[in-house]
Amino acid sequence: MGKNNFCERSKYYIEQPINSITSIAFLFTCYFLWKLIETQKIKKTQYPEFYVHIILLVLLTITTFGMHATSDSSIWGKLDISTMFLIIVYSLLINIKVIPYCSISISVLLTLLLNFFPKYLNLTTFAIVTTIWILSYLPNYNNRVFLGYFWFLIAIAVWLLDRYKIVCWPKSAFQLHSFWHIFSAIGFYYLFTYNIPI
């Protein structure tokens with residue numbers, strides 16, 4: 001991953017303050033998942049993946065904050081993309097009906113294996129796996145899947161605009177990448193809850 005390629009730059013202790021702060025959007029997704037568990041009285045045995053998603057999103061919050069807060073994000077960047085890969089692979093395995101407890105083990109093993117071959121732990125691999133994950137929702141298409149797709153499509157658009165500095169104001173409080181965090185957190189919520197009757 002190397003040195004970060006995001007637009008935001010700061011002269012302060014935290015390299016990318018806005019991008020760092022907005023990583024808490026994933027915690028809001030955890031909160032709303034937890035509220036859904038409580039209001040729908042969902043049992044652990046009914047949807048165990050909800051609890052795993054909450055834990056993984058907390059981990060993503062930490063790694064995303066670390067990546068954006070540090071001036072050299074090579075270690076944190078690797079942890080961040082590994083966590084995203086873990087979430088995506090786990091969710092994909094859940095969607096194709098692999099037993100939830102096996103899904104987390106397989107996801108962790110694949111993520112660790114990918115870290116032993118660092119040249120494959122990159123944005124291309126992530127894009128391929130994410131595309132397969134997104135397509136895995138098509139057999140269960142409903143309004144929640146549509147909303148998940150909608151928010152992820154916007155998230156990817158703002159990520160690309162920021163990543164390739166098409167729209168870039170390095171010292172501004174307005175950072176497109178921060179919207180990637182917010183929009184993808186919303187997208188995660190809808191895709192993770194597509195099968196919950198409300």
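The structure we're discussing is the one just above.
Keep in mind that this is a model prediction, so the values were computed, not measured. (Residues numbered from 1 in each chain as written. Predicted model: local features only at pLDDT ≥ 70, side-chain atom pairs only at ≥ 80, totals over all residues. Heavy atoms only, no water.)

Turning our attention to the overall build of the protein. Secondary structure assignment for the protein yields 8 helices and 0 strands. Ordered by position in the sequence, the α and β elements of the protein form the string α-α-α-α-α-α-α-α. Taken over C-alpha atoms, the radius of gyration comes to 17 Å for the protein, in line with the 16 Å a tight globule of 198 residues would show. C-alpha extents for the protein along the principal axes are approximately 50 × 35 × 25 Å. Classification of the 198 residues of the protein by burial places 48% in the buried group. Sequence-distant contacts in the protein: of pairs separated by 6 or more residues, those separated by 24 or more amount to 72%. If you sum the accessible surface of the protein, you get close to 10400 Å²; carbon and sulfur atoms cover 74% of it. Across the protein, 14 positive and 7 negative side-chain charges occur, with their mean positions spaced 4 Å apart. (Helix = DSSP H or I, 4+ residues; strand = E, 2+ residues; numbered from the N terminus. Rg over C-alpha atoms; globule rule 2.2 N^0.38 Å. Buried < 20%, exposed > 50% of the residue type's maximum accessible area, 1.4 Å probe, protein only. Contact = heavy atoms within 4.5 Å. Areas by Shrake-Rupley, 256 points an atom, 1.4 Å probe, with all protein chains shown as cover. Lys, Arg positive; Asp, Glu negative; His and termini not counted. Charge placed at Lys NZ, Arg CZ, Asp CG, Glu CD.)

Moving on, we get to the state of the cysteines. One pass over the full model with this rule turns up 1 disulfide. One disulfide bridge connects Cys-7 with Cys-168, the sulfur atoms lying 2.0 Å from each other. Between Cys-7 and Cys-168 the disulfide shows an S-S torsion of about 95°. By sign, it is right-handed. Within this pair, whereas Cys-7 is found in the segment before α1 (17-21), its partner Cys-168 is found in the loop between α7 (143-163) and α8 (176-192), the two being separated by 161 residues in sequence. Its relative accessible area of 3% is what places Cys-7 among the buried residues. Judged by relative accessible area, Cys-168 falls into the partly exposed class, the value being 25%. (Disulfide = S-S within 2.5 Å.)

Turning our attention to the side chain of Thr-125. When you line up the elements, Thr-125 lands in helix α6 (residues 123-135). By relative accessible area, Thr-125 is classed as buried at 19%. Contacts of Thr-125, omitting those with residues within four sequence positions, involve Phe-85, Leu-114 and Tyr-120.

Under the defined criterion, the tally for this structure stands at 18 aromatic pairs. Consider the rings of Trp-133 and Phe-152, whose centres lie 5.5 Å apart with planes at 90°: the pair is edge-to-face. Placement of the pair is Trp-133 in helix α6 and Phe-152 in helix α7, with a sequence separation of 19 residues. Measuring from ring centre to ring centre gives 6.4 Å for Trp-159 and Trp-180, while their planes differ by 55°; the resulting arrangement is tilted. Taken together, the residues span a long stretch of sequence, with Trp-159 in helix α7 and Trp-180 in helix α8 at a distance of 21 residues. By the burial criterion, Trp-159 is buried, and Trp-180 matches it. In this structure an aromatic cluster arises from ring pairing among Phe-26, Trp-133, Tyr-137, Phe-152, Phe-188, Phe-192 and Tyr-194. (Phe/Tyr/Trp six-rings, centres within 6.5 Å; stacked < 30°, edge-to-face > 60°.)

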